[in-house]
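Below, each chain spelled out in residue letters.
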Amino acid sequence: MLYRPFGKTGEQVSTLGFGCMRLPVIGDRRDNIDAALATEMLHYALDRGVNYVDTAFPYHGVSFDATPGASEAFVGEALAGYRDKVLVATKQPGWLVNERADMDGLLAGQLERLRTDHIDCYLLHGLGASMWKKLLDLGVLEFLDKARADGRVRYAGFSFHDESAAFAPIVDAYDWDFCQIQYNFMDVDYQAGAAGLAYAADKGLAVIIMEPLKGGRLAGRVPADVQGLWDLAPVPRTPVEWALRFVWDDPRVSTLLSGMSTMEQVVENVEIAERAAARSLTAEELGLIRQAEKAYRDRTVVDCTACGYCMPCPSNIDIPFVLSCVNNASLFDDPMGEKAAYHINVDLGNTASASECSECGQCEKACPQQLSVIEELARAVKMFES
């Protein structure tokens, strides 16, 4: 495993971090983690040098409410015997904070679920301009200072989901140890993007990358025109390796998080991480990635990463699934296949039909990608219900 400095902290972090948002589950419930398989996957990665494990309050929950998801408790149990060998990261759910005391109460619950007396890397979850202002007004800086001073938190950071203009003011407002941003070869100029990566790194922050595979979209079935580009490379690589190596090629990246759902994905990611040094891609290979980005850009319909922030929908529409059908119909040239998949899931009760949308707008307020979800659901109705 390769390691890089974790900003100014003096820590060395594995270039591959284990994200615990998309663990394997039993059945259709996100909160029913297949603990045996997920533990085997996590231990495989840890035994091969991965030393950064990322979870959050809502991960593997059925909704973004006051009920914690199953991920933190799973991580706490699975790390028995490994705790002192890893940096454990979790996040404050700012949407549940209504007063200063809530911050301590939420952290106390997270420490208990994670079976530890300290969080190595504690993030303010999904910051944007409005959430940042709310937390500032409620005393979050005093909370972070106190939690670091008394040892409950070692390193303080934040994850970011907003327009690029909101990023630098947050970076400048506190003595952060690290930040977490969305970045991949399709999202160089999205949200914080490459400019934010450079800004944070220049300030001495460790930079953690989320969504390096764009919610898995860069790792699935590859369109023929994109695969044709990959086939031109002098060194053959899988689409997953191309996407991950693009991120790792930048030495300012401390680690990237991969939300792995199968053992095969863990094995592949670990193998790639062991040989993906910074600045190891040639100019020709970087040019090839830019061509692939353009080919994908020409095909993508909805820029959804399936993060699930829009859920639950009051009308019981599985929004990420519906939007994935819209995208897949274009990406894979298979509109009839996606129409069939859509109707099977509606008939099984896995999602309400897109035509059930009440246009309440709750999804659009929650979407970190700022998508016009209502319009996209209307597009799905035309594609799959006409």
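A brief report on the enclosed structure follows. All figures in this text were calculated on a predicted structure; none of them were measured in a lab. (Residues numbered from 1 in each chain as written. Predicted model: local features only at pLDDT ≥ 70, side-chain atom pairs only at ≥ 80, totals over all residues. Heavy atoms only, no water.)

Quick word on the environment of H118
Link 1 in the chain: Relative to the helices and strands, H118 resides in the loop between α3 (100-113) and β6 (119-127).
Link 2 in the chain: Excluding anything up to four places from it in sequence, H118 contacts R83, L111, G151, R152 and R154.
Link 3 in the chain: A polar contact of 3.3 Å, which involves the side chain of H118, links it to the side chain of D120. (Helix = DSSP H or I, 4+ residues; strand = E, 2+ residues; numbered from the N terminus. Contact = heavy atoms within 4.5 Å. Polar contact = N/O pair within 3.5 Å; in protein donor to acceptor, adjacent residues only side chain to side chain.)

Notes on the sheet that holds strand β5 (residues 87-92)
Link 1 in the chain: Strand order in the closed barrel made by the eight strands is β3-β4-β5-β6-β7-β8-β9-β10, with parallel pairing throughout. Adjacent strand axes in the sheet meet at a mean angle of 30°, parallel and antiparallel pairs treated alike.
Link 2 in the chain: Alignment of β6 against strand β7 (residues 153-160), held across six bridges, turns out to be parallel. Within β7, the position partnered with L124 by the bridge is F158.
Link 3 in the chain: Lying on the sheet, helix α4 (residues 129-137) is in contact with β5 and β6; it crosses β6 at an angle near 120°.
Link 4 in the chain: Strand contacts of helix α9 (residues 239-248): β3 (16-19), β9 (206-210) and β10 (253-258), with the helix running at about 150° to β10, the strand carrying the most contacts. (Pairing = 2+ DSSP bridges. Axes fitted to C-alpha atoms, helices over the stretch in contact; angles between N-to-C directions.)

Regarding the nonpolar core
Link 1 in the chain: Of all hydrophobic cores here, the largest spans 89 residues; its most connected members are F18, F158 and W176.
Link 2 in the chain: Looking at this core, the element that brings in the most residues is α9, giving seven residues.
Link 3 in the chain: Contacts of W176, omitting those with residues within four sequence positions, involve K8, L124, W132, L144, A156, G157, F158, I170, V171 and L205.
Link 4 in the chain: Counting 21 residues, the second largest nonpolar core, distinct from the first, contains V322, Y342, A354 and C363. (Core = buried A, V, L, I, M, F, W, Y, C linked by side-chain atoms within 4.5 Å. Buried < 20%, exposed > 50% of the residue type's maximum accessible area, 1.4 Å probe, protein only.)

What to know about the packing of helix α1 (residues 35-47) against helix α10 (residues 263-273)
Helix-helix packing is characterised by the crossing angle of the two axes and by the distance between the axes.
Link 1 in the chain: Between α1 and α10, the least distance of the axes is 9 Å, while the angle of their chain directions is 10°. Classified by the angle between their axes, α1 and α10 sit roughly parallel to one another. Only M263, V266, V267 and V270 of α10 make contact with α1, whose side of the interface consists of E40, M41, Y44 and A45.
Link 2 in the chain: Here the contact of α1 with α10 is built from residues that sort into seven nonpolar, no polar and one charged. (Parallel < 35°, antiparallel > 145°, perpendicular 65-115°, else oblique. Nonpolar A, V, L, I, M, F, W, Y, C, P; charged D, E, K, R; others polar.)

A short note on the environment of V140
Link 1 in the chain: Position of V140 among the secondary structure elements: in helix α5 (residues 140-149).
Link 2 in the chain: Not counting the four nearest positions on each side in its chain, V140 is found in contact with Q92, M103, L124, W132 and L135.

Details of the pattern of salt bridges
Link 1 in the chain: Within this structure, the stated rule accounts for 26 salt bridges.
Link 2 in the chain: With its nearest N and O atoms 3.0 Å apart, the salt bridge here joins D150 to R152.
Link 3 in the chain: In this structure, K203 engages D172 in a salt bridge whose closest nitrogen and oxygen atoms are separated by 3.5 Å. Here K203 is found in the loop between α7 (193-202) and β9, whereas its partner D172 is found in helix α6 (residues 167-172), with 31 residues between them in sequence.
Link 4 in the chain: Among the ionic contacts, a cluster of salt bridges with common partners joins R100, D104, E142, D150 and R152. (Salt bridge = Lys/Arg side-chain N within 4 Å of Asp/Glu carboxyl O.)

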